[in-house]
Amino acid sequence: MMYERTVNSEQETERLARLLAESLASGDVLTLEGDLGAGKTTFTKSVAKGLGITRNVNSPTFTILKQYEGRLPLNHLDVYRLENSDEDLGWDELFYGEAVSIIEWAHLIKEDLPSERLAIQIYRLENDKRKFTFTPFGDRYERLCEELFE
Ligand code: ADP
Ligand code: MG
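Residues numbered from 1 in each chain as written. Chains lettered and ligands numbered in written order. Predicted model: local features only at pLDDT ≥ 70, side-chain atom pairs only at ≥ 80, totals over all residues. Heavy atoms only, no water.

Enquirer: Lay out the packing of aromatic side chains in plain terms, naming residues and giving numbers.
Expert: Within the structure shown, the criterion is met by 4 aromatic pairs. Ring centres 5.2 Å apart and planes at 15 degrees place the aromatic pair Tyr3 and Phe149 in the stacked group. Of this pair, Tyr3 sits in strand E1 (residues 3–7) while Phe149 sits in helix H3 (residues 139–149); the two residues are 146 residues apart in sequence, bridging distant segments of the chain. Exposure class is identical for Tyr3 and Phe149. Each is buried. (Phe/Tyr/Trp six-rings, centres within 6.5 Å; stacked < 30°, edge-to-face > 60°. Helix = DSSP H or I, 4+ residues; strand = E, 2+ residues; numbered from the N terminus. Buried < 20%, exposed > 50% of the residue type's maximum accessible area, 1.4 Å probe, protein only.)

Enquirer: Tell me about the site of ligand 1, and please be specific about residues and values.
Expert: Residues in close proximity to ligand 1 total 15 residues, the closest being Glu10, Thr13, Lys40, Thr42 and Asp128. Between ligand 1 and the protein, one listed contact pairs an oxygen atom with a backbone N or O atom of Thr41 at 2.9 Å. Isolated, ligand 1 exposes 570 Å² of accessible area, and the fraction of that covered by the protein chains is 76%. Contributions of two or more residues to the shell around ligand 1 are made by helix H1 (10–23) and helix H2 (40–50). Split by residue class, the shell around ligand 1 holds 3 nonpolar, 6 polar and 6 charged. (Near = heavy atom within 4 Å. Polar contact = N/O pair within 3.5 Å; in protein donor to acceptor, adjacent residues only side chain to side chain. Areas by Shrake-Rupley, 256 points an atom, 1.4 Å probe, with all protein chains shown as cover. Nonpolar A, V, L, I, M, F, W, Y, C, P; charged D, E, K, R; others polar.)

Enquirer: Outline the environment of Pro60, listing residues and values.
Expert: By the secondary structure assignment, Pro60 is in the loop between H2 and strand E3 (65–68). For Pro60, a relative accessible area of 0% corresponds to the buried category. Note: C-alpha distance between Pro60 and Val47 (13 residues apart in sequence) is 15 Å. Setting aside its immediate chain neighbours within four residues, Pro60 contacts Leu65, Lys66, His76, Leu77 and Asp78. (Contact = heavy atoms within 4.5 Å.)

As far as function goes, none of this settles anything; it's purely spatial.
Following this line, the structure appears as structure tokens:
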């Protein structure tokens, strides 16, 4: 099952992200895919606000991983620059801790991803319009999506 939502503005993206954040729990893993400028980091910033994180969240492209404290801690990964790495860098250990993990360009570390996760794809339409698809893997995320999109 795949869920779809179209938004017309950055504000609507923020609202969707905050709504999702309300349902997140310890150990949840979200993957974010979409072209540069689609809105992956923008979406992550608002999830972070929804998790009670007050520090500014910015793109971790050059550091790959940034960690934040909030109602729930957040691991924000952007693995774009790992494109040519075949090494096992042990990212998977992060995904079984207390924090919520959000991974931009997650397909580049697909061997490390937990089998249960929520895959979010963002498509850039005209102007500020974006299409989001949410694909849950596992019961936990099926239920989360049912609640979110009911
Ligand atoms: P990514 O992380 O996918 O490369 P960013 O979140 O860094 O993308 O950039 C998205 C850009 O698109 C930002 O400049 C943001 O202001 C703009 N934008 C315009 N409309 C939207 C929208 N509906 N949702 C998210 N971002 C939007
Ligand atoms: Mg980004």
